[in-house]
Amino acid sequence: MVQATKKIWMDGKFVDWDDAQVHVLSHTLHYGLGAFEGIRCYDTIRGPAIFRLAEHVERLLQSAHIAGMKVPYTQQELEQAIVDTIKINDVQECYIRPLVYLGYGEMGINNAHNPVNVSIAVWPWGAYLGEDALQNGIRVRVSSFTRHHVNVMMTKAKIVGNYANSQLAKMEAIHSGYDEAIMLDPQGNVAEGSGENIFIVRRGELKTPPLTAILEGITRNSIVDVARHMGLTVHESILSRDELYIADEAFFTGTAAELTPIREVDNRIIGSGRPGPMTAKLQEAFFRVVQGKDDSFQEWLTYI
């Protein structure tokens, strides 16, 4: 269960957690067109700080724009609303979920006359795949469900309805005894997890799929920058399924997943079957950044 906090921001007003409700005929609930973000606030050595707030809100607005939804708030207003929501709930560390959705109005595919609503909720949320996953890695399977084609669903947008695809892949993996899924793109190459981007290490270099058919992950971008700052070589290139099997190391990145090692894919052990040295080094570096311990990336933190 989600751990309830005190207040949720809804269209410019704070309402009690239990009163944050929408009508059952809200358009997004039926047809899936909406946009959302996942953001984290960390308890740093200088107090609570939101990781890459501006980039997340920018992507939220871009997702809404791709979906043809006119958000009635500016980026600055939404950033301030997120800060205010954290303050009013008096949390030191939390997950942040802004949602842009089409509200109650007309039914039918044409949404031109439905209001565009925005909500912001925050709650404590630990490691998405569990603390053991961060330390020891997870078992994953390649899904029978394919990642969306770029002209089937807009893959650069974090659209609510896109995640029906992700849920099918995730539940298939769970029911098959795995922790997570990896989806291939329509050409059969590795795309991403159900809610994460993916990296492998091979011959001392990092590889990650290009942006052609994946969500442009903000944590993914951060890991690329941190890795290059550390002097590591990073390639954005097509990654085949069999190259994944023979990787020396592999890991997922994402706001929820943070940096989670992968120890096994389709019953094939990756490397030693434990988080590898480069994965461990990057994971440590990432947590130093989000905890405010690395001055090289202080601009990524918005202190409350």
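Residues numbered from 1 in each chain as written. Predicted model: local features only at pLDDT ≥ 70, side-chain atom pairs only at ≥ 80, totals over all residues. Heavy atoms only, no water.

- In the nomenclature of an unreviewed UniProt entry, the protein corresponds to Branched-chain-amino-acid aminotransferase from the organism Entotheonella factor.
- Under the UniProt heading Sequence similarities (unreviewed entry), the entry covering the protein gives this text: "Belongs to the class-IV pyridoxal-phosphate-dependent aminotransferase family."
- The protein has a UniProt comment under Cofactor (unreviewed entry) that states "pyridoxal 5'-phosphate". (UniProt positions renumbered as here; feature names shortened; annotations may be inferred.)

Considerations on the pattern of salt bridges
Link 1 in the chain: By the definition in use, this model includes 13 salt bridges.
Link 2 in the chain: With a shortest N-O distance of 3.5 Å, Arg 46 and Asp 295 are connected by a salt bridge. With Arg 46 in the loop between strand E4 (39-44) and strand E5 (47-51) and Asp 295 in the loop between helix H8 (277-290) and strand E17 (301-303), this pair connects stretches of sequence that are 249 residues apart.
Link 3 in the chain: Residue Arg 46 is classed as partly exposed on the basis of its relative accessible area of 47%. (Salt bridge = Lys/Arg side-chain N within 4 Å of Asp/Glu carboxyl O. Helix = DSSP H or I, 4+ residues; strand = E, 2+ residues; numbered from the N terminus. Buried < 20%, exposed > 50% of the residue type's maximum accessible area, 1.4 Å probe, protein only.)

What to know about the environment of His 235
Link 1 in the chain: With respect to the helices, strands and loops of the structure, His 235 is situated in strand E13 (residues 234-236).
Link 2 in the chain: Here the alpha-carbon distance between His 235 and Leu 206, two residues 29 residues apart in the chain, equals 6.1 Å.
Link 3 in the chain: Apart from residues lying up to four places away in sequence, His 235 is in contact with Glu 205, Leu 206, Lys 207 and Thr 208. (Contact = heavy atoms within 4.5 Å.)

Topic: empty space enclosed by the protein
Link 1 in the chain: A full pass over the atoms with the stated rule returns two cavities of 30 Å³ or more.
Link 2 in the chain: Its volume calculated, the largest cavity comes out at about 40 Å³.
Link 3 in the chain: Together, Arg 40, Tyr 42, Phe 51, His 56, Thr 219, Thr 255 and Phe 286 line the largest cavity.
Link 4 in the chain: Split by residue class, the lining of the largest cavity holds three nonpolar, three polar and one charged.
Link 5 in the chain: Shared between two domains, the lining of the largest cavity holds at least three residues of each, these being domain 1 (7-123) and domain 2 (131-290).
Link 6 in the chain: The volume enclosed by the second largest cavity comes to roughly 30 Å³.
Link 7 in the chain: Every residue lining the second largest cavity is listed: Glu 249, Ala 250, Ile 262, Arg 263, Ile 270, Arg 274, Pro 275, Gly 276 and Thr 279.
Link 8 in the chain: For the lining of the second largest cavity, the secondary-structure elements that each account for two or more residues are strand E14 (249-254) and strand E15 (258-265).
Link 9 in the chain: Looking at the lining of the second largest cavity residue by residue, the class counts come to four nonpolar, two polar and three charged. (1 Å grid on protein atoms, 1.4 Å probe; cavity = no way out; pocket = protein on both sides within 12 Å on 5 of 7 lines; lining within 4 Å. Points joined across faces, edges and corners; volume = space filled by probe spheres on them. Nonpolar A, V, L, I, M, F, W, Y, C, P; charged D, E, K, R; others polar. Domains from an automatic or database assignment.)

A word on the packing of aromatic side chains
Link 1 in the chain: Taken as a whole and judged by the stated rule, the model has eleven aromatic pairs.
Link 2 in the chain: Considering the side-chain rings of Trp 125 and Tyr 128, the 5.6 Å spacing of their centres and the 90° angle between planes classify their relative orientation as edge-to-face.
Link 3 in the chain: A relative accessible area of 33% places Trp 125 in the partly exposed class.
Link 4 in the chain: Members of the aromatic cluster, each reached through a chain of ring pairs, are Phe 51, Phe 286, Phe 287, Phe 297 and Trp 300.
Link 5 in the chain: The ring of Tyr 178 has Arg 139 lying over it, and the distance from NZ or CZ to the ring centre is 4.5 Å. (Phe/Tyr/Trp six-rings, centres within 6.5 Å; stacked < 30°, edge-to-face > 60°. Lys NZ or Arg CZ within 6 Å of the ring centre and 35° of its normal.)

Considering the pairing of strand E12 (residues 205-208)
Link 1 in the chain: Bridge analysis of strand E11 (residues 197-202) against E12 gives three bridges, and the strand direction is antiparallel. Opposite Arg 202, over in E12, you have Glu 205 as the bridge partner.
Link 2 in the chain: Connecting E11 to the antiparallel partner E12 that follows it, the hairpin turn spans two residues, and Arg 203 within it adopts a positive phi of roughly 55°.
Link 3 in the chain: In terms of strand pairing, E12 meets E13 through three bridges, oriented parallel. From the neighbouring strand, Lys 207 faces E13, where its bridge partner is His 235.
Link 4 in the chain: Note on the crossover from E12 through helix H6 (residues 218-229) to E13: the handedness is right-handed. (Pairing = 2+ DSSP bridges. Right-handed = clockwise from strand over helix to strand, strands pointing away.)

Notes on the domain arrangement of the protein
Link 1 in the chain: Its domain assignment divides the protein into domain 1 (7-123) and domain 2 (131-290).
Link 2 in the chain: Taking only C-alpha atoms into account, the centre of domain 1 sits 26 Å from that of domain 2.
Link 3 in the chain: Taken together, the contacts link 22 residues of domain 1 with 20 residues of domain 2.
Link 4 in the chain: Roughly 1,800 Å² of surface becomes buried between domain 1 and domain 2 when both sides are summed, with 65% attributable to carbon and sulfur atoms.
Link 5 in the chain: Sorting the residues of domain 1 by area buried against domain 2 places Phe 36, Phe 51 and Arg 59 first, and these three jointly supply 33% of that buried surface.
Link 6 in the chain: The salt bridge involving Glu 258 is made with Arg 40; its shortest N-O contact spans 3.7 Å.
Link 7 in the chain: Counting residues per element, the ones that place at least two in the side of domain 1 that touches domain 2 are strand E3 (34-36), E4, helix H2 (53-66) and strand E6 (94-102). (Buried area = accessible area lost by both parts, 1.4 Å probe.)

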